[in-house]
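# Fold and geometry: a report
Letter by letter, the chains look like this.
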Amino acid sequence: EAGVTQFPSHSVIEKGQTVTLRCDPISGHDNLYWYRRVMGKEIKFLLHFVKESKQDESGMPNNRFLAERTGGTYSTLKVQPAELEDSGVYFCASSQDWLAFFGQGTRLTVV
Amino acid sequence: QKEVEQDPGPLSVPEGAIVSLNCTYSNSAFQYFMWYRQYSRKGPELLMYTYSSGNKEDGRFTAQVDKSSKYISLFIRDSQPSDSATYLCAMSEDGNNRLAFGKGNQVVVIP
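This section reports on the structure supplied with the text. (Residues numbered from 1 in each chain as written. Chains lettered and ligands numbered in written order. Predicted model: local features only at pLDDT ≥ 70, side-chain atom pairs only at ≥ 80, totals over all residues. Heavy atoms only, no water.)

## Re the interface of chain B and chain A
When the parts come together, some accessible area is lost, and that loss is often what is quoted as the size of the interface. On the chain A side, the residues contacting the 22 residues of chain B number 20 residues. Around 1,800 Å² of area is buried between chain B and chain A when both sides are counted, 60% of it from carbon and sulfur atoms. Sorting the residues of chain B by area buried against chain A places Asn-96, Phe-101 and Lys-103 of chain B first, and these three jointly supply 28% of that buried surface. Run the count over chain B and chain A and you get one salt bridge. A salt bridge links Lys-2 of chain B to Glu-42 of chain A, with the shortest nitrogen-to-oxygen separation between them at 3.3 Å. The interface formed by chain B and chain A holds five residue pairs in polar contact (both at pLDDT 80 or more) in total. Counting only elements with at least two residues in the side of chain B that touches chain A, the list comes to β4 (32–38) and β5 (45–51) of chain B. (Contact = heavy atoms within 4.5 Å. Buried area = accessible area lost by both parts, 1.4 Å probe. Salt bridge = Lys/Arg side-chain N within 4 Å of Asp/Glu carboxyl O. Polar contact = N/O pair within 3.5 Å; in protein donor to acceptor, adjacent residues only side chain to side chain. Helix = DSSP H or I, 4+ residues; strand = E, 2+ residues; numbered from the N terminus.)

Okay, here's the thing in structure tokens:
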């Protein structure tokens, strides 16, 4: 069974540009989460989808971040326009019950 | 006050030693407790999980939760070089909501 897959694995963009991260959860998992780790800090929650609905988006830093989950399957996280402080590793996780499984992450570098 | 405290100091031990890791937390509503292992440039991998207080053993790994002290521990017996990784504690109030993470401990097992 395939795990959680994230694309791209690494992205380098200039400040002001737009980047879209993608996450494909484990098949059948209704819950999908986005987390972020910035350098030197702990992994922090961004938002939670249940199927296609946003259950909790309390961790989203600001309105430059937009997350979507088309048809309750894969999800995208768009950052527009990107700022230097958005650099970090973005993790996606999915679960069917309370055990969350993580993808390998997308390392975003804004220069 | 951070929700989860994990002393991020690196830990080097000789092969065969016992590794002891711990986290403290401030939110008494946390009921689900997890330990993740993360290898370099990879995503967190679920290692151990417990609900509420108590001990759980899986092979060389033992997880302990003491809710009265708001303290959780992970023990690795007969440590192996392949155990060298970063270990993250994580916890949540409800099985389906956000995880709060510690900063992680980098463990190096020296052959």
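## Side note on the state of the cysteines
Tallied over the full model, the rule gives two disulfides over all chains. The side chain of Cys-23 of chain A participates in a disulfide bridge whose partner is Cys-92 of chain A; the two sulfur atoms lie 1.8 Å from each other. Handedness here is read from the sign of the S-S torsion; for Cys-23 of chain A and Cys-92 of chain A, about -65°, the answer is left-handed. Highlighted residues: Cys-23 of chain A in strand β3 (residues 19–24) and Cys-92 of chain A in strand β9 (residues 88–95), separated in sequence by 69 residues. Across the disulfide, Cys-23 of chain B is cross-linked to Cys-89 of chain B (sulfur-sulfur distance 2.0 Å). Handedness of the Cys-23 of chain B-Cys-89 of chain B disulfide follows from its S-S torsion of about -100°: it is left-handed. Of this pair, Cys-23 of chain B sits in strand β3 (residues 19–25) while Cys-89 of chain B is found in strand β9 (residues 85–92), placing the two residues 66 residues apart along the sequence. (Disulfide = S-S within 2.5 Å.)

## A look at empty space enclosed by the protein
One way to see where empty space is left: roll a probe the size of a water molecule over the atoms. Tallied over the full model, the rule gives one cavity of 30 Å³ or more. Put simply, the largest cavity is a space of about 60 Å³. Residue lining of the largest cavity: Tyr-33, Tyr-35, Trp-98 and Ala-100 of chain A together with Tyr-32, Met-34, Ser-92, Gly-95, Asn-97 and Leu-99 of chain B, and that is the complete set. Within the residue set of the lining of the largest cavity, elements represented by two or more residues are β4 (31–37) of chain A together with β4 of chain B. Broken down by class, the residue content of the lining of the largest cavity amounts to seven nonpolar, three polar and no charged. (1 Å grid on protein atoms, 1.4 Å probe; cavity = no way out; pocket = protein on both sides within 12 Å on 5 of 7 lines; lining within 4 Å. Points joined across faces, edges and corners; volume = space filled by probe spheres on them. Nonpolar A, V, L, I, M, F, W, Y, C, P; charged D, E, K, R; others polar.)

## Here's the deal with the layout of surface pockets
Considering only enclosed or pocket space, the largest pocket measures out at about 800 Å³ in volume. Arg-37, Val-89 and Arg-107 of chain A together with Gln-38 and Arg-41 of chain B are the residues nearest the centre of the largest pocket, which is lined by 32 residues in total. In the lining of the largest pocket, the residues fall into 10 nonpolar, 16 polar and six charged. Counted as a void, the second largest pocket has a volume near 220 Å³. Lining the second largest pocket are 13 residues, with Glu-42, Ile-43 and Lys-44 of chain A together with Glu-3 and Arg-98 of chain B positioned closest to its centre. Every element with two or more residues in the lining of the second largest pocket is listed here: β5 (44–50) of chain A together with β10 (100–101) of chain B. With three residues, the top contributor of residues to the lining of the second largest pocket is β5 of chain A. Among the residues making up the lining of the second largest pocket, the classes are represented as seven nonpolar, one polar and five charged.

## Section: the pairing of β9 of chain B
Residue and element names in this part refer to chain B. The buried fraction of β9 amounts to seven of the eight residues, a majority that puts the element mostly inside the structure. Two strands pair when backbone bridges link them, and β4 and β9 are joined in this way by seven bridges, in the antiparallel orientation. In the strand pairing of β9, Arg-37 is matched with Tyr-87. (Buried < 20%, exposed > 50% of the residue type's maximum accessible area, 1.4 Å probe, protein only. Pairing = 2+ DSSP bridges.)

## Observations concerning the sheet that holds strand β6 (residues 54–58) of chain B
Residues and elements named next belong to chain B. Spatially, β1-β3-β8-β7-β6 is the arrangement adopted by the five strands of the open sheet, whose pairing is antiparallel. Edge positions in the sheet fall to β1 (4–5) and β6, since each of these pairs with one other strand and no more. The pairing of β1 with β3 spans two bridges and is antiparallel. Residue pairing across strands places Glu-5 opposite Thr-24, the latter belonging to β3.

## Concerning the packing of aromatic side chains
This model, assessed by the stated rule, comprises 12 aromatic pairs over all chains. Between Tyr-35 of chain A and Phe-101 of chain B, the ring centres sit 5.8 Å apart and the planes meet at 85°, which makes this aromatic pair edge-to-face. Highlighted residues: Tyr-35 of chain A in strand β4 and Phe-101 of chain B in strand β10, drawn from two different chains. Of the residues examined, Tyr-35 of chain A reaches a relative accessible area of 1% and is grouped as buried. Between the aromatic rings of Tyr-32 of chain B and Tyr-51 of chain B, the centroid separation amounts to 4.9 Å while the plane-to-plane angle is 50°, which identifies the pairing as tilted. Taken together, the residues Tyr-32 of chain B in strand β4 and Tyr-51 of chain B in strand β5 connect sequence positions 19 residues apart. (Phe/Tyr/Trp six-rings, centres within 6.5 Å; stacked < 30°, edge-to-face > 60°.)

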